[in-house]
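Listed below are the residues making up each chain.
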Amino acid sequence: MPQRPAFAKWLDDTNDVTATFLAAGRIPGLVNLGGGLPGTEIWPVEDMTKLATSAVADHADETLAYAPVAGLPKLRDLIAARYSEGDLTLTRDNVLITAGGAQALNLIGTVLLEEGSTVASQTPAYLGALDNWRPRQPVYRPMRLEANDLDPVAAMTGAQFAYTVPNFSNPTGKLVNAATRRRLVDAAHHTGTWLIEDDPYGTLYYDDAPMPRMLTLSAEEAGAPYDGPVIYLGTVSKELAPGLRIGWIIAAPEMIEVLKAAKQSADMCTSGLCQQITHDAFATGLADDMLPNILDLYRARRDALCAAMDEHLPDLFTWERPTGGMFVWATAKDPALDTNRLMEVGLEHGVCISPSSVFDPEGRDHSSIRINFTYNTEDKLVTGIERLATATRAALAEA
Ligand SMILES: Cc1ncc(COP(=O)(O)O)c(C=O)c1O
């Protein structure tokens, strides 16, 4: 048989932790602290069933035909209105509907990256973003947003874009403070570099009122439609349901136009049915009504996880209690602990965590782990942490 064509070179650059992680789903009785999934209890199944039925029955043209490339006009208008505040004025031309935040990241890579382009990225960074940009093999310039010596102008000069998750970052669960948000926005204005504000966790504040968005901070002229350097990414995945695959990009019209061209060649349009359901979930108040329950459930799970960690892990890891989001980031006290190995030993003990290497563009950081607290019940979280303590001691014993 003649030799088949080779797969693209960038595939050599992927990690096998993701494959191990996906296979872990099949282990019976496993407590999965490694994913980033919402608690399934939050889904309002009856209300969503009614919305889905009426979406088709009452809006067949919008739900069963191809939708416009940029999204249903009424959903773009609704998103523009939801985010317009203070000096920030948005119109439909500032909004592109995408198949989740994942597609938004992909489209940004398509329109802004050439092979070897520079990306200034909050570090550690969201694995899905790194995966989306991997085919272009960008060079990463790390930004530690919590470091006192951060120089955003130096980091952003010459970069195609800066990538940040200011609210409860994935993977660290950390919040970027107000002063740093302001400095990033000023640096974007100063350097001309696009500033990505990826914000899936922006509604998940458990203890305090939400901080200002960089999108809002970057609005320059009250009343004029937004034309600034921030590219804001939103999604329904954390506040409604990830299965809808609905997200949105808010940006200057010039950027929306090129992203729209990239989207047209990627998938023509996002499902009109899912856009209609999303529109109605916001317009009827369903999404806003769900939020208090989501916050109560996740706050209680965060507290249960942190209490179990306080009891079982203080001699093994250091961590900060997050005030929102879905994750705790824990760093091993003993530098001999290799968290890639801990993931494997954890699976033998019935618990799955995510190791830090997958969130490092260079894959070099083996010091930390990401623990999710939104998916499992409080009892399961406690069991998971007990198993993690045992697995960590076993991994240390063999190190
Ligand atoms: C930081 C970040 N960005 C984007 C996404 C993409 O989410 P989705 O494609 O479900 O909207 C996620 C999902 O976990 C995320 O954590």
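The rules behind the values
Residues numbered from 1 in each chain as written. Predicted model: local features only at pLDDT ≥ 70, side-chain atom pairs only at ≥ 80, totals over all residues. UniProt positions renumbered as here; feature names shortened; annotations may be inferred. Helix = DSSP H or I, 4+ residues; strand = E, 2+ residues; numbered from the N terminus. Rg over C-alpha atoms; globule rule 2.2 N^0.38 Å. Buried ≥ 20, exposed ≤ 12 C-beta atoms within 10 Å, placed from the backbone. Contact = placed C-beta atoms within 7 Å. Near = placed C-beta within 6 Å. Nonpolar A, V, L, I, M, F, W, Y, C, P; charged D, E, K, R; others polar. Expected span 1.5 Å × (residues − 1). Axes fitted to C-alpha atoms, helices over the stretch in contact; angles between N-to-C directions. Parallel < 35°, antiparallel > 145°, perpendicular 65-115°, else oblique. Left-handed = near helix turned anticlockwise from the far one by under 90°. Pairing = 2+ DSSP bridges. Core = buried A, V, L, I, M, F, W, Y, C linked by C-beta atoms within 7 Å. Domains from an automatic or database assignment.

An unreviewed UniProt entry annotates the protein chain as Aminotransferase originating from Roseovarius atlanticus. Turning to the protein chain, the UniProt annotation filed under Cofactor (unreviewed entry) states: "pyridoxal 5'-phosphate".

Student: Please clarify how the overall build of the protein chain should be interpreted in this entry.
Tutor: Looking only at helices and strands, one finds 14 helices and 13 strands in the protein chain. In terms of overall size, the protein chain behaves like a compact globule, its C-alpha atoms giving a radius of gyration of 21 Å where 399 residues would be expected to give roughly 21 Å. Considering only C-alpha atoms, the protein chain reaches an extent of 60 × 60 × 50 Å along its principal axes. When the 399 residues of the protein chain are sorted by exposure, 47% land in the buried category. Taking the contacts inside the protein chain whose residues are at least 6 apart along the sequence as the reference set, 75% of them involve residues at least 24 apart.

Student: Where do I start with the site of the ligand in this structure?
Tutor: The immediate surroundings of the ligand are formed by 14 residues, with Gly100, Gly101, Ala102, Thr235 and Ser237 found nearest. Split by residue class, the shell around the ligand holds five nonpolar, eight polar and one charged.

Student: What's the story with helix H5 (residues 100–112) in this structure? I'm lost.
Tutor: Three or four residues apart is the spacing at which side chains of an α-helix point the same way, because the helix has 3.6 residues per turn. With 13 residues, H5 extends 19 Å from end C-alpha to end C-alpha; this agrees with the ideal 18 Å at 1.5 Å per step. H5 sits mainly inside the fold: 10 of its 13 residues count as buried. Residues of H5 that are buried include every one of Gly100, Gly101, Gln103, Ala104, Leu105, Asn106, Leu107, Ile108, Gly109 and Leu112, and no others.

Student: What is the right way to look at the packing of helix H13 (residues 339–348) against helix H14 (residues 378–398) in this model?
Tutor: Helix-helix packing is characterised by the crossing angle of the two axes and by the distance between the axes. Where H13 meets H14, the closest approach of the two axes is 9 Å, and the angle between their N-to-C directions is 125°. Put simply, H13 runs oblique to H14. Note on packing geometry: the crossing formed by H13 with H14 is right-handed. Contact residues: Arg341, Leu342, Val345 and Gly346 in H13; Leu388, Ala391, Thr392, Ala394 and Ala395 in H14. The class makeup of the residues in the contact of H13 with H14 is six nonpolar, two polar and one charged.

Student: Looking at this model, I keep getting lost on H13. Mind explaining?
Tutor: For H13, the complete set of buried residues consists of Thr339, Leu342, Met343, Val345 and Gly346. Structurally, H13 contributes buried residues whose contacts are with helix H1 (17–24), strand S10 (327–332), strand S11 (351–352), strand S12 (354–355), strand S13 (368–372) and H14.

Student: Please clarify how the pairing of strand S3 (residues 118–122) should be interpreted in this entry.
Tutor: When a strand is regular, its side chains alternate between the sheet's two faces. With four of five residues buried, S3 is to be regarded as a mostly interior element. Sheet analysis places S3 next to strand S4 (residues 139–143), joined by five bridges and oriented parallel. The residue bridging Ala120 from the neighbouring strand is Arg141, located in S4. Direction of pairing for S3 relative to strand S5 (residues 161–164): parallel, over a ladder of three bridges. Residue pairing across strands places Val119 opposite Phe161, the latter belonging to S5.

Student: Sorry, what's going on with the nonpolar core here?
Tutor: When a protein is soluble and globular, its nonpolar side chains tend to lie buried together. Residues Ala162 and Ile249 are the most contacted members of the largest nonpolar core, which totals 105 residues. Each of domain 1 (9–44 + 289–398) and domain 2 (59–284) gives at least three residues to this core. If we ignore the near neighbours within four places in the chain, the residues touching Ala162 are Ala120, Met143, Ala155, Met156, Leu184, Thr193, Leu195 and Ile196.

Student: Help me understand the environment of Arg370 in this model?
Tutor: If you trace the backbone, Arg370 turns up in strand S13. With residues near it in sequence (within four places) discarded, Arg370 still touches Pro171, Phe327, Trp329, Ile353 and Ser354.

Student: What's the story with the environment of Ser117 in this structure? I'm lost.
Tutor: Note on placement: Ser117 falls in the loop between H5 and S3. Measuring from C-alpha to C-alpha, the distance between Ser117 and Ala159 comes to 7.3 Å, with 42 residues separating the pair along the chain. When sequence neighbours within four positions are dropped, the list of residues in contact with Ser117 reads Arg136, Pro138 and Gln160.

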